[in-house]
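Residue-level structure breakdown
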Amino acid sequence: MAAYTAGLFGASTRRLVLPQRLTGVVMGAAQTGRCLSFPSVSGGGSLIVSGLGARAHMSLGTRSHLPLYRAVGKSNLPLVGPTCPVVRGFRAGGWWKDSDRRTRKLLGLAFVLGGSLGVFQALQSSLGEQRAEEEQQATDGTLKLTLYQYKTCPFCSKVRAFLDFYQLPHEIVEVNPVMRREIKFSSYRKVPILIADSSSSLQLNDSSVIISVIKTFLTSKKSLEEILSYYPSMKAANDQGKEVIEYNNKYWLMLDERETKQVYPTKESRVEEMKWRRWADDWLVHLISPNVYRTPHEALASFDYIVREGNFGPVEGLFAKYVGAVAMYIIGKRLKSRHHLQDDVRQDLYAAANDWVAAVGKHRKFMGGSQPNLADLAVYGVMRVMEGLESFDDMMTNTKIKPWYERMTTAVYSPVDSQ
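Everything in this summary refers to the structure shown in the same document. The model shown is predicted, which means the values in this text are computed figures rather than measured ones.

1. Brief notes about the packing of aromatic side chains
- If you walk through the whole model with that rule in mind, you get ten aromatic pairs.
- A ring pair is formed by Trp279 and Trp356, whose centres lie 6.4 Å apart and whose planes are at 10°; its orientation type is stacked. Residue Trp279 is found in helix α8 (residues 267-282), and its partner Trp356 is found in helix α12 (residues 345-360); the two are separated by 77 residues along the sequence.
- When its relative accessible area of 16% is taken as the criterion, Trp279 is described as buried.
- Ring-pair connections join several aromatic residues into one group, and the members of that group are Trp276, Trp279, Trp356, Tyr380, Phe392, Trp404 and Tyr405.

Laid out in structure tokens, this is it:
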């Protein structure tokens, strides 16, 4: 599927990426206890060529796989073995000089073919060893992840941004938002739900808990079962008196001192990341619906995505497009009042985008520095669900967020090493 770009001495080449693009819109009523979805245009696969290796990575609606090919560009073998007799004979005017042109060509060709065959065999052997090692790792330690989601739920989008950035292979199951048959196995009736198959099959709920658990797993040597035990759920009543499930420590990574220093260069960077992850959940996400459903035209345009891309039957899709658009237009107005937004809800969206840019600052590419941290991924995931809608275009035009957002798109859909 992909071709090698290789140098004989193992020189690394520049990574070439065919970036994926995920566009979509959000439809969510966060306070109602469920997240209504908007379909988005699924991205394809990204083809990565790095060094002497090539690997294919597919996501967003298809099962991703571990790297298919990866060759190590190192070899201690000489390109041409014999040297001394031939060279000395040539310099001294010996038999090589006296031989006819055809003989010299044949011998030269033999040396070239022999050297090339040696290099090929070395690379083939290295490739086989590497592939066997990766297959063993896949069997022994790699998680098999299945994400149950609505495509443009902002909370689901956060999890996808995290999985894509860390190149974690995962299967996506699109849940029908009306019947929700796909998650009938679960007493927890919200999305996202992540099923992680390691030594056993575990269910992870709540987007921020999912991200914290998997990030801890990638960084520490703890088992997934042990890590999950650090995030107990508890029942609580929200502002409307409705019983909800909460996770008080969901923004913490459960790391020892050495592991914490590996992820966070300073104590302040950890506090900053947790603060803005919480901000994304408690404030930014509540700006989406009022802006997406700001006018009847915008609401209808949003629901048009559902009919064309969502996991709906014909009758459900027709109902969602027209009745749903009217309903969510009304709900959007209620949410504006509930969260004390301005009459022009765009102004709150613009202010939030600029607040985030100011927090990142002028001297950092991301809040995480040279690479996004969990706060970057959370904010990006929430904003990404508006792509393709008027609200997203207005935000890009009237705020300073576009450069950061474009850097994030490149970072999420380009290969990186898990930190």
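Continuing now.
2. What to know about the sheet that holds strand β7 (residues 201-205)
- Pairing in this open sheet of four strands is mixed, and the strands run β5-β4-β6-β7 from one edge to the other. Edge positions in the sheet fall to β5 (170-174) and β7, since each has one partner strand and no second. Between one strand axis and the next, the sheet turns through 20° on average, direction left out of account.
- Seen against the sheet, helix α4 (residues 154-165) touches β4 (144-149) and β5 and runs at an angle of roughly 155° to β4.
- Its contacts with the sheet put helix α5 (residues 207-219) on β6 (193-197) and β7, and the angle it makes with β7 is roughly 130°.

3. Comments concerning the pattern of salt bridges
- For the coordinates displayed, the defined rule picks out twelve salt bridges.
- For the salt bridge of Lys261 with Glu257, the shortest nitrogen-to-oxygen distance reads 3.7 Å. With Lys261 and Glu257 both in helix α7 (residues 257-263) and four residues apart, this pair spans about one turn of that helix.
- The partner of Arg294 in a salt bridge is Glu390, with the nearest N and O atoms 3.3 Å apart. Note that Arg294 is positioned in the loop between α9 (288-292) and α10 (296-309) and Glu390 in helix α14 (residues 390-398), a separation of 96 residues in sequence.
- A cluster of three or more residues bridged by salt bridges with shared partners is formed by Arg294, Glu298, Asp344, Arg346, Glu390 and Asp394.

4. Points about the nonpolar core
- Counting residues in hydrophobic clusters, the biggest one holds 74 residues, and the most contacted among them are Phe162, Ile214, Trp356, Met383, Met395 and Trp404.
- No other element matches helix α13 (residues 374-384), which puts eight residues into this core.
- Built from parts of two domains, this core gets at least three residues from each of domain 1 (141-254) and domain 2 (264-418).
- Discounting chain neighbours no more than four positions away, the residues touching Trp404 are Trp356, Val360, Lys365, Phe366, Asp376, Val379, Tyr380 and Met383.
- Counting residues in hydrophobic clusters, the runner-up holds eleven residues, among them Cys153, Val191, Ile193 and Ile195.

5. Some words on the environment of Glu387
- Assignment of secondary structure puts Glu387 in the loop between α13 and α14.
- What makes Glu387 buried here is its relative accessible area of 3%.
- Remark: the alpha-carbon pair of Glu387 and Thr152, spanning 235 residues in sequence, is separated by 9.6 Å.
- Among the polar contacts made by the side chain of Glu387, one reaches the side chain of Tyr405 at a distance of 2.4 Å.

Thresholds, definitions, all that
- Residue positions within a chain follow its written sequence, with the count starting from 1.
- The predicted nature of this model means local features are confined to residues of pLDDT at least 70 and side-chain atom pairs, given and counted, to a pLDDT of 80 or more, with totals for whole chains, interfaces and linings taken over all residues.
- Side-chain figures throughout are based on the complete set of non-hydrogen atoms in the structure, without hydrogens or water.
- Only the six-membered ring of Trp is used, alongside the rings of Phe and Tyr, when aromatic pairs are assigned; centres must lie within 6.5 Å, and planes under 30 degrees apart are stacked while those over 60 apart are edge-to-face, with the rest tilted.
- Counting from the N terminus, the helices are DSSP H or I runs at least four residues long and the strands are E runs at least two residues long.
- Partly exposed residues are those whose accessible area sits between 20% and 50% of the maximum for their type, while under 20% is buried and over 50% is exposed, using a 1.4 Å probe and protein chains only.
- A strand pair is defined by DSSP finding two or more bridges across the two strands.
- Helix axes are fitted only over the stretch in contact, all axes being lines through C-alpha atoms; the angle between N-to-C directions runs from 0 to 180 degrees.
- We call two residues contacting when some pair of their heavy atoms lies within 4.5 Å.
- Any carboxyl oxygen of Asp or Glu that lies within 4 Å of a side-chain nitrogen of Lys or Arg is treated as forming a salt bridge with it.
- Remark: nonpolar core denotes a set of buried residues (Ala, Val, Leu, Ile, Met, Phe, Trp, Tyr, Cys) joined through side-chain atoms within 4.5 Å.
- All domain edges in this entry derive from an automatic or database-based domain assignment.
- Here a polar contact is recorded for every N or O atom pair within 3.5 Å, except that within protein the pair must consist of a potential hydrogen donor and a potential acceptor, and residues adjacent in sequence are included only if both atoms are side-chain atoms.

None of the figures reported here should be taken as evidence of function without further support.
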